[in-house]
2 protein chains.
Amino acid sequence: MGDIREILKLCAECIKGNLGEGDLLEKLLAEARKLGLSEEFARRLLGLMLDERHRIRGEVTPPSGLKLREFASKVQELQRGGEKVMRLELGEPDFSAPPSVVEAACRALQEGLSKYGPATGIKELRQALASKLSERFGVDLKLDNVVITAGGTFAVYGSIEAVTKPGDEVVVIEPAWPLYAHQIRWLGRRVLAIKTRFEDDWDPVEELQEKVSKLTKLIILNYPNNPTGKILDKGSLKAVLELAEDVGAWVLSDEVYMDFCYKDRFVSTLEFPIEKKIVVNSFSKTWGMTGFRVGYIVSDPEIAMKVARAQNTAMTCIPEFVQRAALAALNDEESARRNVELVGERLKILYEELSKSKLIEVKPPEGAMYVFPRIKIKGFDSWKFAWMLLERKRVSIAPGACFGEDYNNHLRISAVLDGEPLREACRRIREAIEEYS
Amino acid sequence: MGDIREILKLCAECIKGNLGEGDLLEKLLAEARKLGLSEEFARRLLGLMLDERHRIRGEVTPPSGLKLREFASKVQELQRGGEKVMRLELGEPDFSAPPSVVEAACRALQEGLSKYGPATGIKELRQALASKLSERFGVDLKLDNVVITAGGTFAVYGSIEAVTKPGDEVVVIEPAWPLYAHQIRWLGRRVLAIKTRFEDDWDPVEELQEKVSKLTKLIILNYPNNPTGKILDKGSLKAVLELAEDVGAWVLSDEVYMDFCYKDRFVSTLEFPIEKKIVVNSFSKTWGMTGFRVGYIVSDPEIAMKVARAQNTAMTCIPEFVQRAALAALNDEESARRNVELVGERLKILYEELSKSKLIEVKPPEGAMYVFPRIKIKGFDSWKFAWMLLERKRVSIAPGACFGEDYNNHLRISAVLDGEPLREACRRIREAIEEYS
């Protein structure tokens, strides 16, 4: 009879010791096999021990973008108090859903399309997406490859659940949308952060090749990127996908900004013949439908079913009238084109205006809805600056620190204001930077 | 340096041994304290070992209602093929959302209320619910006690996440809506099933007193009950809540059928001054809004925030136009009253008609939308009967086996058809029962 106290004693030694994750896992797996225990048990045990090591060493978990939410609340408070604030901190377009979408939602509501539906989403929308994406990217997708989700957020959440287990390592490329790491930790998986740099043109390939290993179960990509606007060229994307294939890891490619591509043609991960891929997308950005909460994943049918099952477990299904609205959006290419053009013009303005300051380094925008300039001031504190900018100039931006601890000398500025106000906001940002230094 | 292989060897002995959960946990907790490891680590380790024991012993996890979904798909297929099926297997009212609700949703859509919103839900709806519930149950709820969720489903899911940890024990009272156990296992918690019986009038108190222990972290209640229609009287509810308090467990009271109460006044768990309580509710049943996916939880502000955080993590927020529809529903008491009356009349018909068979024992309905009769045939197989009934008589019901393995001689029949068709369906059920025996 194994003594449970002895187990804990040994665990404590391991946790407090210095053996690396890879070594620990290898030993655990070999021993589990011998003892007739499952690989999953060994992996989860490792995850548990690493979590506890983390806790004991007092390693602080980053704040998951919660501070940005508090900041946004403060901005709203000012606005409610009658103050005018030029808001550039949001990850949400200022344009609303087009009339075609609103009408489709209302029509569906009036027709009583508000009953329980399949957790996979309705067939019409899945089929329409399969056809549209097949045509656009020259691939052959079927309805079974597509599952409709509660926004891009659940698409990512459900995908992480579908292809990894607690304790597994998931790679996030920083700077990154904070929710990735937050979701990974929330689900009991472990984050391996890969850092990219302004001076390397945000290229992740080398760092990935160095850090990704057999321990890696999933790599999350997001191009066009939030916050940098970077788009990975086809060669680099190929290198990353091959690397994932080499180590047996899944790739989750978050392509919610795919339409906001201002540099060549957008190349989707769908176009590559690797097996372990999930593409995530959303109607939120292209059609200004953030509050509808509708997105989708594309993967092999088995993974698609797993994501549907996760969605069924958490929320049964998503409203059919919302899905009918999404279907209308898909057919409203004119609105999509107009929105994409609008954001492109604004990104040019942001680039032009911010470049006027010698203290601001900004790259020509490639895609998404953001610029992520670097501030050439030693010891620059992006949070301090954000508060100062808000208080003195009534402009709000997202501090670089929200996207990874190495980005405190960056700002994320969103293309969510029209031309003239946007120029004015940039003028104020330049002024505030001068005053800061 | 602790040897990780030795750990696994000892774990394997423990897993394959016969030491009970309580003993294992006690030893683990005592040792963890001595070693400076967290209680959470010890608990999660135990959960892990018990899961593995479960796997090794080949204990089969119940099918989580998936079979019922397959059955429903088959029914839909028949319907699409032009067959008329009288559907009584659904957990969904046949009435649709009232015009007031549809109009409110459309108005909100047209006003552009389709942007990101707070993960807690909009203040207006939270405040309206706090006021309404306070008045109805004589309590003093504030906006901070209420969080709007993606249906009752996420309300339960987020609540389990908020008050328990992986490895924790959660009590479910059977017969039960299969999603409870499914969610609990999905989240890595452990199910302790309490069985109630027809001949004891479905009373759970005694069995709870016997099985609930310090290991129990959460007890899920659901009255008026799906599938039995049972309503716990005030004395029994009090006894259960006191028991929970004694062992330090949380109570989650799923009150989605609270309006469908045909026996005295409905007594909510909100009325009891215990601290560790969460009440779950939904707009789905009372107003026929199943496909809107909107519900809510009521708890202390700290737990409410945790549920909101879970929702934020999984889906960012829920659509504002859906919440505006819910607000309109709350003010449409007339529709609620009409729906509740309708279901009440149908339950009476079900009781009356099913009582005509000597092979069917059915209790006078107390609440919810179901009857859960017992079939007096030795060796009765509820799944076999359901298929036979569908094939021969074109009536669909939910087999009792869906709600727990002890209920194979029961059927769940939903009050979701109008009077005359409902009588006809009951006639066919009686016939089929005669033919079965």
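As a reminder, the structure under discussion sits directly above these lines.
The text that follows walks through the structure, step by step, so that each part is easy to find. Numbers given for residues are sequential positions, taken from 1 along each chain in its written order. Going through the entries in the order they are written, you letter the chains from A and number the ligands from 1. In keeping with the model being predicted, local features are shown solely for residues with a pLDDT of at least 70 and side-chain atom pairs are shown and tallied solely at 80 or more, while totals for entire chains, interfaces and linings include all residues. Side-chain numbers come from the whole structure's heavy atoms, not from hydrogens or water.

**Considerations on a negative patch on the surface**
Selection rule: Patch membership needs two things, relative accessible area over 30% and no salt bridge, and members are linked within 9 Å if like-charged or within 5 Å if nonpolar (Val, Leu, Ile, Met, Phe, Trp, Tyr). Under the convention used here, a 1.4 Å probe and the Shrake-Rupley method define accessible areas, while residue burial counts only the protein chains that appear. Every case where a carboxyl oxygen of Asp or Glu lies within 4 Å of a side-chain nitrogen of Lys or Arg is listed as a salt bridge. Charge convention: Lys and Arg are scored as positive, Asp and Glu as negative, and His as well as the terminal groups of each chain are ignored. To locate a charge, the coordinates of NZ of Lys, CZ of Arg, CG of Asp or CD of Glu are taken. Under the scheme used here, helices are H or I runs from DSSP no shorter than 4 residues and strands are E runs no shorter than 2 residues, and both carry numbers assigned from the N terminus. The buried label goes to any residue with under 20% of its type's maximum accessible area, the exposed label to any with over 50%, and the partly exposed label to all in between, with areas taken from a 1.4 Å probe on protein chains only.
Taken together, the side chains of Glu6 and Glu13 of chain A together with Glu6 and Glu13 of chain B present a region of like negative charge at the surface. At the level of secondary structure, the elements contributing two or more residues to the negative patch comprise α1 (4-16) of chain A together with α1 (4-16) of chain B. For Glu13 of chain A, the location among the structural elements is in helix α1. Since its relative accessible area comes to 37%, Glu13 of chain A is described here as partly exposed.

**Digging into the pairing of strand β6 (residues 250-254) of chain B**
Residue and element names in this part refer to chain B. Just so we agree on the cut-off: A right-handed crossover is one whose linking path, passing over the helix from the first strand to the second, runs clockwise when the strands point away from the viewer. Two strands make a pair as long as DSSP finds a minimum of two bridges between them.
Across the five residues of β6, five count as buried, placing the element largely inside the fold. Going residue by residue along β6, you find Trp250, Leu252 and Asp254 tucked away on one face and Val251 and Ser253 tucked away on the opposite face as well. In the classification by handedness, the crossover that spans strand β5 (residues 216-221), the intervening helix α10 (residues 234-247) and the parallel β6 is right-handed. As defined by bridge partners, β6 adjoins strand β7 (residues 277-282) across four bridges and the pair is classed as parallel. Bridged to Val251 within β7 is Lys277.

**Topic: the packing of α1 of chain A against helix α3 (residues 39-56) of chain B**
Here is the rule we go by: Simply put, an axis is a line fit to the C-alpha atoms, just over the touching stretch for a helix, and the angle between two N-to-C directions goes from 0 to 180 degrees. Angle categories are assigned with fixed cut-offs, so that under 35 degrees is roughly parallel, over 145 is roughly antiparallel, 65 to 115 is roughly perpendicular, and the rest are oblique. Each crossing gets its hand from how the near helix is turned against the far one by less than a right angle, where anticlockwise is left-handed and clockwise is right-handed. By definition, residues are in contact when any of their heavy atoms lie within 4.5 Å. For this classification, the nonpolar set comprises Ala, Val, Leu, Ile, Met, Phe, Trp, Tyr, Cys and Pro, the charged set comprises Asp, Glu, Lys and Arg, and every other residue, Gly included, is treated as polar.
For the pair α1 of chain A and α3 of chain B, interaxial distance at closest approach is 12 Å and the crossing angle is 120°. As judged from the angle between their axes, α1 of chain A and α3 of chain B are oblique. Handedness of the α1 of chain A/α3 of chain B crossing: right-handed. Along the contact surface, α1 of chain A presents Ile4, Ile7, Leu8, Cys11 and Ile15 of chain A, while α3 of chain B presents Phe41, Leu45 and Met49 of chain B. Tallied by class, residues from the contact of α1 of chain A with α3 of chain B come to eight nonpolar, no polar and no charged.

**Digging into α1 of chain B**
We apply this condition: A helix's residues, less one, multiplied by 1.5 Å, set its expected span.
Taking 1.5 Å of rise per residue, 13 residues should cover 18 Å, and α1 of chain B covers 19 Å from first to last C-alpha, within 8% of that figure. What α1 of chain B keeps buried is the set Ile4, Ile7, Leu8, Leu10, Cys11, Ala12, Cys14 and Ile15 of chain B. For α1 of chain B, the elements touching its buried residues are α1, α2 (21-35) and α3 (39-56) of chain A together with α2 (21-35) and α3 of chain B.

**Examining the sheet that holds strand β14 (residues 411-414) of chain A**
All names here are of chain A. The strand order across the open sheet formed by three strands is β10-β14-β13, and the pairing between neighbours is antiparallel. Looking at which strands have only one partner, the edges of the open sheet turn out to be β10 (370-371) and β13 (398-399). Bridge count between β13 and β14: two bridges; the pairing is antiparallel. Along β14, the bridge assignment pairs Ala398 with Arg412.

**What to know about the side chain of Thr196 of chain A**
Residue and element names in this part refer to chain A. Quick note on the threshold: Between N or O atoms, a polar contact is any pair within 3.5 Å; within protein, one atom must be a potential hydrogen donor and the other a potential acceptor, and residues adjacent in sequence are included only when both atoms are from side chains.
Structurally, Thr196 is set in the loop between β4 (190-195) and α9 (205-211). Look at Thr196 and you get buried, because its relative accessible area is 3%. A distance of 2.8 Å separates the side chain of Thr196 from the backbone oxygen of Glu174, its partner in a polar contact. With near-sequence residues (within four places) excluded, Thr196 lies in contact with Ile173, Glu174, Pro175, Trp202, Asp203, Pro204 and Tyr407.

**Focus: the interface of chain A and chain B**
The condition that has to hold: Using a 1.4 Å probe, buried area is obtained as the accessible area two parts lose upon being combined, added over both of them.
With 79 residues of chain A at the contact, the number on the chain B side is 80 residues. Overall, the association of chain A and chain B removes approximately 7400 Å² of surface from exposure, summing both partners, and the carbon and sulfur fraction of that is 67%. Taken together, the connections running from chain A to chain B amount to zero salt bridges. Connecting chain A to chain B are 33 residue pairs in polar contact (both at pLDDT 80 or more). Mapped by element, the contributors of at least two residues to the side of chain A that touches chain B are α1, α2, α3, α5 (99-110), α7 (151-163), α8 (179-186), α11 (301-315) and α12 (320-331) of chain A. Of all the elements, α1 of chain A adds the most residues to the side of chain A that touches chain B, at 13 residues. Across the side of chain A that touches chain B, the residue classes break down as 42 nonpolar, 16 polar and 21 charged.

**What to know about the packing of aromatic side chains**
The geometry of an aromatic ring pair is captured by the separation of the ring centres together with the interplanar angle, meaning the angle of the planes. Residue and element names in this part refer to chain A. Stated formally: Only Phe, Tyr and Trp rings take part, Trp by its six-membered ring, and two of them pair if their centres are within 6.5 Å. Stacked means planes under 30 degrees apart, edge-to-face means over 60, and tilted covers everything else. Each ring is checked for a lysine NZ or an arginine CZ that lies within 6 Å of its centre and within 35 degrees of its normal; such an atom marks a charge sitting over the ring.
Within this structure, the stated rule accounts for 34 aromatic pairs over all chains. Between the aromatic rings of Phe385 and Tyr436, the centroid separation amounts to 6.1 Å while the plane-to-plane angle is 70°, which identifies the pairing as edge-to-face. A residue pair is termed long-range when its members are at least 10 positions apart, and Phe385 in helix α14 (residues 382-393) and Tyr436 in helix α15 (residues 419-436) qualify at 51 residues. On the accessibility criterion, Tyr436 (16% relative accessible area) is buried. Ring pairing ties together the aromatic residues Phe198, Trp202, Phe372, Phe403 and Tyr407, which thus form one cluster. Over the ring of Phe198 we find Lys363; its NZ or CZ atom is 4.1 Å from the centre of that ring.

**Looking at the nonpolar core**
Condition: Grouping buried Ala, Val, Leu, Ile, Met, Phe, Trp, Tyr and Cys residues that are joined through side-chain atoms within 4.5 Å yields what is termed a nonpolar core.
Among the nonpolar cores identified, the biggest contains 134 residues, and Phe283, Met289 and Phe292 of chain A together with Phe283, Met289 and Phe292 of chain B are the most heavily contacted of them. Filtering out sequence-adjacent residues up to four positions away, Met289 of chain B remains in contact with Ser114 of chain A together with Ala97, Val101, Phe283, Ser284, Val294, Ala325, Ala326 and Ala329 of chain B.

**Topic: the sheet that holds strand β10 (residues 370-371) of chain B**
Two pairing modes exist for strands in a sheet, parallel and antiparallel, and in both the strands are linked by backbone hydrogen bonds. Residue and element names in this part refer to chain B. Taken in spatial order, the three strands line up as β10-β14-β13 in an open sheet, and their pairing is antiparallel. Two strands in the sheet have a free side with no partner beyond their single neighbour: β10 and β13 (398-399). By the bridge criterion, two bridges tie β10 to strand β14 (residues 411-414) in an arrangement that is antiparallel. Paired with Val371 across the bridge in β14 is Ile413.

**Some points on the pairing of strand β8 (residues 295-298) of chain A**
Remember that side chains alternate between the two faces of the sheet whenever the strand is regular. Residue and element names in this part refer to chain A. Side chains Gly295 and Ile297 of β8 all project onto a buried face; the interleaved residues Tyr296 and Val298 project onto the opposite face, where all are buried too. Here strand β2 (residues 146-149) runs beside β8; their pairing, made up of four bridges, is antiparallel. In the sheet register, Val147 faces β8, and the bridge partner there is Ile297. Note: strand β7 (residues 277-282) against β8, four bridges, orientation antiparallel. When the sheet's bridge partners are listed, Val279 is paired in β8 with Val298.

**Description of the side chain of Lys230 of chain B**
The topology assignment puts Lys230 of chain B in the loop between β5 and α10. Setting aside chain neighbours within four positions, we find Lys230 of chain B in contact with Asp201, Trp202, Asp203, Tyr223, Pro224, Asn225 and Glu366 of chain B.

**Focus: the pattern of salt bridges**
Side chains that differ in sign of charge can pair as their charged atoms come close. Throughout the structure, instances matching the rule amount to 75 salt bridges over all chains. Taking the shortest distance from any N to any O, the salt bridge between Arg337 of chain B and Glu334 of chain B comes out at 3.1 Å. Of the two residues, Arg337 of chain B and Glu334 of chain B are both situated in helix α13 (residues 333-355); the distance of three residues between them amounts to about one turn of the helix. Residue classification places Arg337 of chain B among the partly exposed positions, given a relative accessible area of 48%. The class of Glu334 of chain B is partly exposed, set by a relative accessible area of 43%. Within this structure, Arg392, Lys393, Glu424, Arg427, Arg428, Glu431 and Glu435 of chain A form a network of salt bridges that share partners.

**Side note on the environment of Gly152 of chain B**
All names here are of chain B. Counting through the fold element by element, Gly152 comes out in helix α7 (residues 151-163). Once the C-alpha coordinates of Gly152 and Val280 are considered, the two residues, 128 residues apart in sequence, prove to be 6.5 Å apart. Look past the residues within four positions of Gly152 in its chain and what remains in contact with it is Val280, Asn281, Ser282, Arg293 and Gly295.

**With respect to the environment of Arg44 of chain A**
Residue and element names in this part refer to chain A. Considering the arrangement of structural elements, one finds Arg44 in helix α3. The class of Arg44 is buried, set by a relative accessible area of 17%. The sequence separation of Arg44 and Glu333 amounts to 289 residues, and the corresponding C-alpha distance is 46 Å.

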